[in-house]
Amino acid sequence: MVVDCHASSSSSPSDSEEHIRLFDDYDSLADDSALENQKSARPDKPTPIPKAKLATLCAVRLVDPIAFTQIFPYVNEMMEHIHVTSDHSKIGFYSGIVESSFAVAQVISIYQWARLSDVIGRRPIVLLGILGIGLSTMLFGISTTLTGLIMARCLSGLFSGNVAVIHSVLGEITDSSNQAIAFPLYGLCWPLGSIIGPLMGGLLSNPATKFPQWFDTPFLHKYPYFLPCFAAAMIAFAGCTYGYFYLGETHPGLQRKGKENIQMSERHEGTFEKQPEPASVSQLLSIPVIRALCLSGAGLSFIATGFDVTFVLFCYTSIPQGGLAFTATQIGYALSISGCISIALQMCCMPLILRRFDHARSYNFCMGLWPFCFVLLPGLNLIARWGAVDVTTGVLTPAARAAVWVGIGGIMCISRCAALAFSVSMILVKDAAPNSASLGVTNGIAQFAMCFSRSFSPAFASSLLAFSIGYEFVLLRYLWVLVMTLICFLGTTLSRRIAEGRRRSVRVGAVDSALAMGH
């Protein structure tokens, strides 16, 4: 554990007093991490937020959710369009494979990007990833076979592996005194992208049919899903251009100008020591809190992705089979409602939560909300059955339609409250980094665990729902609810290990520091 060298140089308390102060700081389980202890931060004077850097980072981060979510409204319809199967009940299985291929490729690349960014810097990795996302998204729009779609999504996933690097940039431009404001602002990027992406996918798919006065061309008849992909790619290229001019290098050891851009070092008794080397994977995984964050993060990612995929397929499924018979446009509206709720929560609730509540307990509370999301979904189908004018076509009475949308809003509100765990997790991972040089690798490991579970979550969730809706027996018809709810309860169990891991890491770090001071 690194002791704050500036504090020791400004005053000279006795060894016993320093020893007591050290243990009091650890017992409080405050937000000071090893990374923060390397800086001379004053808790009474919050560090000003680097607004220009944060705005640039948010603009860059916005690209990923738009490209990722814009396929959700039409992916099931797309499977029918390319005639991947004649059995309508198996559509969910193939769409799940397409969605999972993204995360599988991301798992392969995420740690490599994070490790490479510690060598060549954050900036080139971030810009290369955004450029690749744009190109692969356009490729997805002109693919007409299942193999082509999977390859395009895999390519997009490979370039999206830079997400851990983007998280590292956020950690390097903020500290514990301003993260309660900076992290919620950064957290707005995903929900905002989750509004724009589904709206683009729902409104711009099949443009030759929806808007024949503008898009009635042979090309768009042949490739009815190219336009939303093209729009997402243009946003990616714009983000890459903006980042090229305004995103500077943030790695402490690779910045080129200014006194504070010198390779980060520690001052002890008037001398400077070289910045520590990044910790290895085995060293990081030996830290209890990092192990707990990886396991719980994997559970969170599996559940959250499983819910998103399940909700889209549930909306697309016909009412007699247990769904809502929504069109791609209606699905896009529903997902955009989810994004609006996320933005409201990030702006109004997240800063308060980060300031007033323990981060580990807030994370546990969010994880405890996920079971309700799955349990309440079948109630929407019951409302649709009750108020259906025509069950086959999915036409509802005005009262039933209003009740369904109110129910969707309620379930989305619960799910977005639960998804706040992602923002809290970023802070917990940052605080767990043993030193500044290991921040990129620590984020890489945590994101690897999340992406690994996300790699098979879509296929599992969609296949489970597709399997269940084929049965009339009530226990089998709602098997997907039972299984996903049990997985949610398992996720809440994993989340409780974080607080325990933090306590264990604190005890070990305090003892090591006390021994070092004794020598």
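See the structure printed just above.
Being a predicted model, the structure only gives us computed values, none of them experimental. (Residues numbered from 1 in each chain as written. Predicted model: local features only at pLDDT ≥ 70, side-chain atom pairs only at ≥ 80, totals over all residues. Heavy atoms only, no water.)

Time to look at unusual backbone geometry. A negative phi angle characterises most non-glycine residues, just as the trans form characterises most peptide bonds. You will see that His 83, though not glycine, has its phi angle at about 55°, which is positive. Among the secondary structure elements, His 83 is positioned in the loop between α6 (75–81) and α7 (91–120). The backbone phi angle of Asn 206 is positive, close to 55°, even though this residue is not glycine. Tracing the backbone through its elements, the reader meets Asn 206 in the loop between α12 (189–204) and α13 (207–210). (Helix = DSSP H or I, 4+ residues; strand = E, 2+ residues; numbered from the N terminus.)

Oppositely charged side chains can pair when the atoms bearing their charge come close. Here the structure, examined in full by the defined rule, presents 4 salt bridges. Where Asp 64 meets Arg 61, a salt bridge forms, and the shortest distance between an N and an O atom there is 3.1 Å. Owing to a relative accessible area of 9%, Asp 64 belongs among the buried residues under this scheme. For Arg 122, the salt bridge goes to Glu 172, with nearest N and O atoms at 2.5 Å. Of the two residues, Arg 122 sits in helix α8 (residues 122–141) while Glu 172 sits in helix α10 (residues 163–173), which places them 50 residues apart along the sequence. Side by side, Arg 122 and Glu 172 carry an identical accessibility label, which is buried. Overlapping salt bridges, with partners in common, bring together Asp 118, Arg 122 and Glu 172 in one network. (Salt bridge = Lys/Arg side-chain N within 4 Å of Asp/Glu carboxyl O. Buried < 20%, exposed > 50% of the residue type's maximum accessible area, 1.4 Å probe, protein only.)

Before going further, it helps to spend a moment on the side chain of Gln 106. Its location among the elements puts Gln 106 in helix α7. In this structure Gln 106 comes out as buried when scored by relative accessible area, which is 2%. Leave out the neighbours within four places in its chain, and Gln 106 touches Gly 157, Leu 158, Ser 160, Gly 161, Val 163, Cys 451 and Arg 454. (Contact = heavy atoms within 4.5 Å.)

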